Amino acid sequence: MSTQIILPRMLQVGENASHATPNILASLGCRHPLIITDKMMVQLGYAEKIQAVLAEQDMPADIFDDTVPEPTVASIQAGVKRIQEGDYDSIIALGGGSPIDSAKAMSILGKFGGEMRDYKFPRVVTEAGLPIIAIPTTAGTGSEVTKVTIITDEKTDEKMLCMGIGFMPVAALVDYTLTLSLPARITADTGIDALTHAMEAYVSKKASLYSDSQALEAMRLIAPNLRRVYHDGSDKKAREEMMLGSTLAGVAFSNASVALVHGMSRPIGAAFHVPHGLSNAMLLPTVTEYSIPAAVERYADCARAMGVATEQDDNASANKKLLAELRALNDELKVPTPEQFGIEREAYMGLLDTMAEQALASGSPNNNPRVPSADDLIKLYKQLWW
Ligand code: NAD
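Caption draft 1: Spatial organisation of the overall build of the chain. Each helix and strand counted, the chain has 17 helices and 8 strands in total. Rg of the C-alpha trace for the chain: 20 Å, near the compact-globule value of 21 Å for 386 residues, within the 12% margin. When its C-alpha atoms are laid out on the principal axes, the chain stretches across 60 × 45 × 45 Å. Buried positions account for 61% of the 386 residues belonging to the chain. Relative to all contacts within the chain whose residues are 6 or more apart in sequence, the contacts with residues 24 or more apart total 78%. Surface accessibility of the chain: about 15300 Å² in total, with carbon and sulfur atoms responsible for 52%. Charged side chains of the chain number 34 positive and 47 negative; the gap between the two group centres comes to 3 Å.

Below you can see the structure in the form of structure tokens.
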């Protein structure tokens with residue numbers, strides 16, 4: 001059996017990779033991009049810096065900085081209009097997963113119109129929108145190398161998963177220096193997100209030898225560095241390894257799918273406005289414990305790749321160490337419980353059925369080694385509370 005792998009056409013990786021933006025644009029035959037980003041990227045000077053290096057090469061770029069964290073249907077409208085009214089030949093998506101996902105949605109809607117809902121999974125989006133050059137500033141979602149965008153429908157509180165080659169950036173500039181400004185909380189949440197991508201891709205039913213190789217390397221790069229970047233954000237070596245790990249984890253899950261953690265995480269995020277990485281972090285130990293019996297060897301491989309178990313550990317002992325590590329990590333990185341995050345118990349319990357339904361409908365739980373029923377999901381959501 002063979003596996004189809006979808007990747008960007010170009011990757012520029014390493015210190016100051018983002019400085020190569022004009023070259024990358026030129027090699028794509030583009031000259032007039034719209035930089036889609038958020039206010040923080042403007043405040044940090046990142047957006048203007050890219051605008052300035054492009055101007056030096058006679059490539060006029062406008063900035064659209066009205067994207068919001070965890071983008072919604074309404075939040076992308078202004079960007080879609082801007083694309084439709086402008087004469088841009090490309091998009092530079094600069095920021096964390098939110099601006100990059102916003103840009104992906106704007107690129108397709110700006111060119112082909114319609115509603116975001118029209119493009120949600122199980123539809124596979126093969127249309128080519130405006131070409132996207134993605135520059136991630138978190139490590140992270142891996143969105144710079146994934147064929148996925150996630151847009152929340154605020155009317156139904158559903159995080160819509162949209163997939164297909166149409167959402168794959170043509171180029172990604174993976175520049176860890178942009179992550180040096182990340183505060184500890186966001187560093188932790190986005191870092192655990194990347195670890196979750198790697199683990200879920202590795203245990204996914206859709207895993208292949210190709211995705212395995214990316215996922216295992218991603219775990220090797222991410223796991224030993226999570227605590228380091230959380231405690232010392234200026235540690236360049238750790239930031240560099242996290243950034244590459246995050247991109248490899250993105251490649252892995254985009255080509256093997258995520259599984260139960262993501263399936264359960266999106267409804268929590270949509271209903272209670274928990275940032276994506278944080279809801280994944282809350283769920284990772286509980287869902288891993290639930291899933292281990294169906295993929296004992298695979299999870300033990302994760303423990304070994306992460307460096308928490310050795311070749312001398314048998315699978316059972318490696319998995320014990322894996323669970324202990326995931327819990328210890330959440331403690332040290334101060335990942336709150338849903339209650340500590342401020343979610344009301346009654347509101348949470350009142351939404352158990354809806355969250356279970358949405359999780360199942362996303363398709364992600366079907367990729368999990370242990371496929372849950374709606375009742376199992378409700379039990380797991382309850383377990384997360386206690
Ligand atoms: P984000 O983009 O929402 O950013 C979080 C916060 O960090 C924002 O306030 C942002 O301004 C700030 N920030 C980003 N980079 C910074 C930097 N270098 N320095 C200082 N502040 C910085 O966070 P995220 O976790 O990267 O993205 C989350 C979004 O990505 C969610 O909407 C999630 O659904 C989506 N996602 C997409 C994919 C995909 O494959 N498309 C995968 C996972 C998650």
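Caption draft 2: How the structure looks around the site of the ligand. Around the ligand there are 31 residues in total, and Gly 97, Ser 98, Asp 101, Thr 138 and Thr 146 lie nearest to it. Separating an oxygen atom of the ligand from a side-chain N or O atom of Ser 98 is a distance of 2.6 Å. Within the contact set of the ligand, an oxygen atom lies 2.7 Å away from a side-chain nitrogen or oxygen of Thr 138. Protein burial of the ligand: of its 870 Å² of free accessible surface, 92% is covered by the chains. When contributions to the shell around the ligand are tallied by element, the ones reaching two or more residues are α2 (39-43), α5 (97-112), β6 (148-153) and α6 (184-203). In the shell around the ligand, the residues fall into 13 nonpolar, 12 polar and 6 charged.

Caption draft 3: Looking closely at the layout of surface pockets. Size it by volume and the second largest pocket reaches roughly 320 Å³. What lines the second largest pocket is a set of 16 residues, and nearest its centre among them are Met 282, Pro 285, Thr 286, Asn 330 and Thr 337. Where the lining of the second largest pocket is concerned, the elements lending two or more residues are α11 (276-291), α13 (315-332), α14 (338-341) and α17 (374-385).

Caption draft 4: Inspection of α6 at higher detail. Here α6 contains 20 residues, and its C-alpha end-to-end distance of 28 Å stays within 8% of the 28 Å for a straight helix at 1.5 Å per residue. Among the 20 residues of α6, 17 are classified as buried, and the element is accordingly described as predominantly covered.

Caption draft 5: Highlighting the sheet that holds strand β1 (residues 10-13). Reading across the sheet, the 6 strands line up as β1-β8-β5-β4-β2-β3 and stay open at both edges, with parallel pairing between neighbours. Because the sheet does not close on itself, it has two edges, and the strands there are β1 and β3 (62-64). Pairwise comparison of adjacent strand axes, ignoring direction, gives a mean angle of 20 degrees for this sheet. Relative to β3, strand β2 (residues 33-36) is paired through 3 bridges, and the arrangement is parallel.

Caption draft 6: Focus on the pattern of salt bridges. Taken as a whole, this structure holds 18 salt bridges when the rule is applied. For the salt bridge of Glu 70 with Lys 159, the shortest nitrogen-to-oxygen distance reads 2.5 Å. A residue pair is termed long-range when its members are at least 10 positions apart, and Glu 70 in the loop between β3 and α4 (77-85) and Lys 159 in strand β7 (residues 158-163) qualify at 89 residues. Arg 220 serves as the salt-bridge partner of Glu 217, at 3.0 Å between the closest nitrogen and oxygen.

Caption draft 7: Spotlight on the side chain of Glu 325. Within the secondary structure, Glu 325 is located in helix α13. Setting aside its immediate chain neighbours within four residues, Glu 325 contacts Arg 227, Met 306 and Val 308.

Caption draft 8: Examining unusual backbone geometry more closely. In this structure, the amide linkage connecting Phe 121 to the following residue, Pro 122, adopts the cis form with an omega of 15 degrees. Within the element layout of this structure, Pro 122 appears in the loop between α5 and β5 (132-136). With a phi angle near 50 degrees, Lys 334 is a residue other than glycine that sits in the positive phi range. Mapped onto the elements, Lys 334 comes out in the loop between α13 and α14. Accessibility expressed as a relative area gives 58% for Lys 334, which makes it exposed.

Caption draft 9: Quick peek at helix α10 (residues 260-272). Taking 1.5 Å of rise per residue, 13 residues should cover 18 Å, and α10 covers 19 Å from first to last C-alpha, within 8% of that figure. α10 sits mainly inside the fold: 13 of its 13 residues count as buried. Residue His 273 follows α10 closely and has a positive phi angle near 55 degrees.

The rules we used
Residues numbered from 1 in each chain as written. Predicted model: local features only at pLDDT ≥ 70, side-chain atom pairs only at ≥ 80, totals over all residues. Heavy atoms only, no water. Helix = DSSP H or I, 4+ residues; strand = E, 2+ residues; numbered from the N terminus. Rg over C-alpha atoms; globule rule 2.2 N^0.38 Å. Buried < 20%, exposed > 50% of the residue type's maximum accessible area, 1.4 Å probe, protein only. Contact = heavy atoms within 4.5 Å. Areas by Shrake-Rupley, 256 points an atom, 1.4 Å probe, with all protein chains shown as cover. Lys, Arg positive; Asp, Glu negative; His and termini not counted. Charge placed at Lys NZ, Arg CZ, Asp CG, Glu CD. Near = heavy atom within 4 Å. Polar contact = N/O pair within 3.5 Å; in protein donor to acceptor, adjacent residues only side chain to side chain. Nonpolar A, V, L, I, M, F, W, Y, C, P; charged D, E, K, R; others polar. 1 Å grid on protein atoms, 1.4 Å probe; cavity = no way out; pocket = protein on both sides within 12 Å on 5 of 7 lines; lining within 4 Å. Points joined across faces, edges and corners; volume = space filled by probe spheres on them. Expected span 1.5 Å × (residues − 1). Pairing = 2+ DSSP bridges. Axes fitted to C-alpha atoms, helices over the stretch in contact; angles between N-to-C directions. Salt bridge = Lys/Arg side-chain N within 4 Å of Asp/Glu carboxyl O.

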